[in-house]
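Structural characterization, general
The lines below spell out each chain.
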Amino acid sequence: MPLEVHQFPCLSDNYGYLIHDPDAGVTATIDTPEVAPINAALEEKGWQLTHILNTHHHFDHAGGNLELKDRWNCTIIGSRDDAERIPGIDVKVGDGETFQFGNFDAQVFDVSGHTLGHIAFYFPEAGKLFCGDALFALGCGRLFEGSPAQMWTSLQKLMALPENTGVYCAHEYTQANAAFALSVEPQNDALQQRAKEIEALRAEGKPTVPSTIGLELETNPFLRPMSEDLQANLNMQGAELVDVFAETRRRKDSF
Ligand code: ZN
Ligand code: FE
């Protein structure tokens with residue numbers, strides 16, 4: 001049976017995700033933004049929490065680790081490179097490694113940049129990517145700890161995934177991201193179309209997440225430094241892609 005995903009809001013703009021392999025009877029929460037809604041979601045689904053998969057150490061991602069571990073005695077899997085900042089970590093994983101979640105492979109990518117030791121979890125059979133605060137719908141994480149070059153390297157790993165891969169990011173930032181994206185690449189028809197769809201979804205209070213790798217490649221300015229329109233709008237025609245990415249990120253910081 002397929003890998004099930006249950007999505008629900010946490011805090012002001014985070015998404016909680018429970019993933020469940022019905023055949024193996026295992027359930028993980030992707031990060032622990034807020035304990036009460038995670039426990040409520042488990043109860044609603046009738047699932048027992050067996051794992052926590054942490055993308056990075058920020059409080060809105062690992063803040064509920066110890067309370068949930070205390071209640072469920074679950075196994076916490078996180079980055080080897082950030083182990084000292086992941087509360088209660090049991091299993092340490094790193095870039096290029098694969099572990100089993102029930103009957104599913106989970107591949108780990110180091111996607112440092114937002115933080116050092118930020119990882120993403122990719123389930124190839126299910127076609128789903130849980131990327132925390134590395135890649136957002138129409139955006140990418142702010143560079144608190146890593147360099148632009150490091151983040152660009154990280155994002156290219158995600159860009160190489162199949163286009164139909166579901167992108168489950170950790171925040172509903174899409175509408176604000178769309179406004180910025182339109183400011184740097186207004187000529188992008190797919191982006192204009194997507195911005196309208198996002199507006200309609202948000203007007204109804206619906207999530208804009210998950211998206212797909214293919215949609216992000218077409219519309220997310222942080223994945224599009226090769227766009228001639230984007231380069232021209234930044235006055236960076238022919239510049240190195242990493243420099244175009246860095247300038248795009250810099251502009252977003254003060255948008
Ligand atoms: Zn974060
Ligand atoms: Fe976050």
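First, a word on what this report is: a plain description of the structure on this page. Everything numeric in this text was worked out from a predicted model, so none of it was measured.

Parameters and conventions
- Residues numbered from 1 in each chain as written.
- Chains lettered and ligands numbered in written order.
- Predicted model: local features only at pLDDT ≥ 70, side-chain atom pairs only at ≥ 80, totals over all residues.
- Heavy atoms only, no water.
- Pairing = 2+ DSSP bridges.
- Helix = DSSP H or I, 4+ residues; strand = E, 2+ residues; numbered from the N terminus.
- Axes fitted to C-alpha atoms, helices over the stretch in contact; angles between N-to-C directions.
- Salt bridge = Lys/Arg side-chain N within 4 Å of Asp/Glu carboxyl O.
- Buried < 20%, exposed > 50% of the residue type's maximum accessible area, 1.4 Å probe, protein only.
- Donors = N, O, S within 2.8 Å, 3.2 Å for Na, K, Ca; no water.
- Tetrahedral: all angles 85-135°; square planar, octahedral: opposite > 155°, others 65-115°.
- Contact = heavy atoms within 4.5 Å.

1. Regarding the sheet that holds strand S4 (residues 51-53)
Pairing within the open sheet is mixed, and its six strands lie in the order S1-S2-S3-S4-S5-S6. Strands at the two margins of the open sheet, each flanked by one partner only, are strand S1 (4-10) and strand S6 (91-93). Averaged over all neighbouring strand pairs, the angle between strand axes comes to 20°, with direction disregarded. In this sheet, S6 lies alongside strand S5 (residues 75-79) in parallel orientation, the contact comprising three bridges. The partner of glycine 78 across the bridge, within S6, is lysine 92.

2. Here we look at the pattern of salt bridges
Taken as a whole and assessed by the stated rule, the structure comprises 13 salt bridges. For arginine 80, the salt bridge goes to glutamate 97, with nearest N and O atoms at 2.8 Å. Here the residue arginine 80 occupies a position in the loop between S5 and S6, and glutamate 97 occupies one in the loop between S6 and strand S7 (98-101), the gap between them amounting to 17 residues. A salt bridge links lysine 157 to aspartate 95; its shortest N-O distance comes to 3.3 Å. Of this pair, lysine 157 sits in helix H4 (residues 148-159) while aspartate 95 sits in the loop between S6 and S7, placing them 62 residues apart in sequence. Given the relative accessible area of 24%, lysine 157 is considered partly exposed.

3. Remarks on the coordination of the zinc ion (ligand 1)
Ligation of the zinc ion (ligand 1) by protein atoms is provided by His56 (NE2), His58 (ND1), His114 (NE2) and Asp133 (OD), these donors lying 2.2 to 2.3 Å from the ion. Geometry at the zinc ion (ligand 1) is irregular, judged from its four donor atoms and the angles of 86 to 170° they form at the metal. A separation of 3.3 Å is found between the zinc ion (ligand 1) and the iron ion (ligand 2), which are bridged by aspartate 133. Taken together, the residues span a long stretch of sequence, with histidine 56 in the loop between S4 and helix H2 (59-62) and histidine 114 in the loop between strand S8 (104-110) and strand S9 (119-123) at a distance of 58 residues.

4. Notes on the sheet that holds strand S10 (residues 128-132)
Backbone hydrogen bonds are what pair the strands of a sheet, in a parallel or an antiparallel way. Ordered in space as S7-S8-S9-S10-S13-S14, the six strands form an open sheet in which the pairing is mixed. The outermost strands of the open sheet, each flanked by one partner alone, are S7 and strand S14 (211-212). Two strands pair when backbone bridges link them, and strand S13 (residues 166-169) and S14 are joined in this way by two bridges, in the antiparallel orientation. Bridge pairing links glycine 166 to threonine 212 in S14. Seen against the sheet, H4 touches S8, S9 and S10 and runs at an angle of roughly 155° to S8.

5. Here we look at the coordination of the iron ion (ligand 2)
Only Asp60 (OD), His61 (NE2), Asp133 (OD) and His171 (NE2) from the protein coordinate the iron ion (ligand 2), and they sit 2.1 to 2.3 Å from it. Around the iron ion (ligand 2) sit four donor atoms, and with donor-metal-donor angles ranging over 84 to 167° the site reads as irregular. Here the donor residues of the iron ion (ligand 2) are spaced in sequence according to D-H-x71-D-x37-H.

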